[in-house]
Amino acid sequence: MAIALYAHRGAAAELPENTLSAFRRAMELGATAIETDAHVTQDGHVVLSHDATGERAAGVPFRIAESTIEEVRTWDVARGHAGSFRIPTLEEALEELPGVLFNVDCKSPGRDAAAALVRVVRRMGAQDRVLIASFRTRTLRHVRRLGYEGKTSLGQTEILRLALTPMPILRSLPLQGNAAQVPTGALGLRFDTRRFVDKCHALGLVVDYWTIDDPLEAGRLVALGADGIMTNDPRRVAPAL
């Protein structure tokens, strides 16, 4: 089975993160999927930004949730790179890379943000290639209650339940998501073990690791049975896969 190589925020080691240029470059470097982050503007548009404000990326101290799409479009996120770069909408990214798998982390909290994200994916007919992710289990529950036809990740509390609950209980009370997206370790738990990977696979879950920029580490995780690797540097990691 082919290993999915997710470009974490695009080719973030080379170009401004979460921009169309970074996404295109990532695919040129061997990535097979895009990992990105979504926030919702004041007027309901889903835009791709890791941060809730434009401070770090654009030097603009305003919250996306309190700005209109027209205001966000004026923010230049070049930050040391030649040229001008702007924050794209999810719709623009899906149009720019037809057929490419997207892993979209819903950063904005709440039912309305989840609904806005699902609406865009449905309008684009991209449910089969957009996995909706979030650290917040509550956000993912909103997505699932909307009857989202695509895949979802497990939230943080669901990952803890996965790691700590015996298999018989998990089989009788199954988790609702499709993908365990984890670091190699957190909260005193190790996720980079054959036992964890095998447990996930036995439950029908894929296992994706973030954020892996060392080719040797990527190779080690693939040898354990990883289904996907998320990296800031697809140029270095793609050859290892």
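Now for a quick tour of the structure. From a predicted model like this one, the values you see are computed outputs, not experimental measurements.

Thresholds applied
Residues numbered from 1 in each chain as written. Predicted model: local features only at pLDDT ≥ 70, side-chain atom pairs only at ≥ 80, totals over all residues. Heavy atoms only, no water. Buried < 20%, exposed > 50% of the residue type's maximum accessible area, 1.4 Å probe, protein only. Helix = DSSP H or I, 4+ residues; strand = E, 2+ residues; numbered from the N terminus. Arc of directions from axis to C-beta. Contact = heavy atoms within 4.5 Å. Phe/Tyr/Trp six-rings, centres within 6.5 Å; stacked < 30°, edge-to-face > 60°. Salt bridge = Lys/Arg side-chain N within 4 Å of Asp/Glu carboxyl O.

Some words on helix α9 (residues 194-202)
Moving on, step 1. Looking at α9, one finds that the buried residues are Phe196, Val197, Lys199 and Cys200. The buried residues of α9 occupy an angular sector of 160 degrees when projected down its axis, which confines them to one face.
Moving on, step 2. The inward-facing, buried residues of α9 abut α7 (156-164), α8 (167-172), β8 (179-182), β11 (206-209) and α10 (215-224).

Concerning the packing of aromatic side chains
Moving on, step 1. Enumeration over the complete set of coordinates arrives at three aromatic pairs.
Moving on, step 2. With 6.1 Å between their ring centres and 90 degrees between their planes, Phe23 and Phe102 make a pair best called edge-to-face. In this pair, Phe23 sits in helix α1 (residues 20-28) while Phe102 sits in strand β6 (residues 101-106), placing the two residues 79 residues apart along the sequence. In this structure, Phe23 and Phe102 share a single accessibility class: buried.
Moving on, step 3. For the ring pair Phe135 and Trp210, a centre distance of 5.9 Å and an interplane angle of 75 degrees mean the geometry is edge-to-face. Of this pair, Phe135 sits in the loop between β7 (130-133) and α6 (137-145) while Trp210 is found in the loop between β11 and α10, placing the two residues 75 residues apart along the sequence.
Moving on, step 4. Taking relative accessible area as the criterion, Phe135 reaches 46% and is therefore assigned partly exposed.

Description of the environment of Leu94
Moving on, step 1. Counting through the fold element by element, Leu94 comes out in helix α4 (residues 90-96).
Moving on, step 2. Considered as a pair, Leu94 and Gly188 are 94 residues apart in the sequence and their alpha carbons are 37 Å apart.
Moving on, step 3. Every residue in contact with Leu94, bar those within four places of it in the chain, is listed here: Phe102, Met124, Ala126, Arg129 and Val130.

Notes on the pattern of salt bridges
Moving on, step 1. Scanning all chains against the criterion turns up 17 salt bridges.
Moving on, step 2. In this structure, the salt-bridge partner of Glu14 is Arg25, at a minimum N-O distance of 3.0 Å. Of the two residues, Glu14 is situated in the loop between β1 (4-8) and α1 and Arg25 in helix α1; the sequence distance between them amounts to eleven residues.
Moving on, step 3. By relative accessible area, which is 25% here, Glu14 ends up partly exposed.
Moving on, step 4. Residue classification places Arg25 among the partly exposed positions, given a relative accessible area of 25%.

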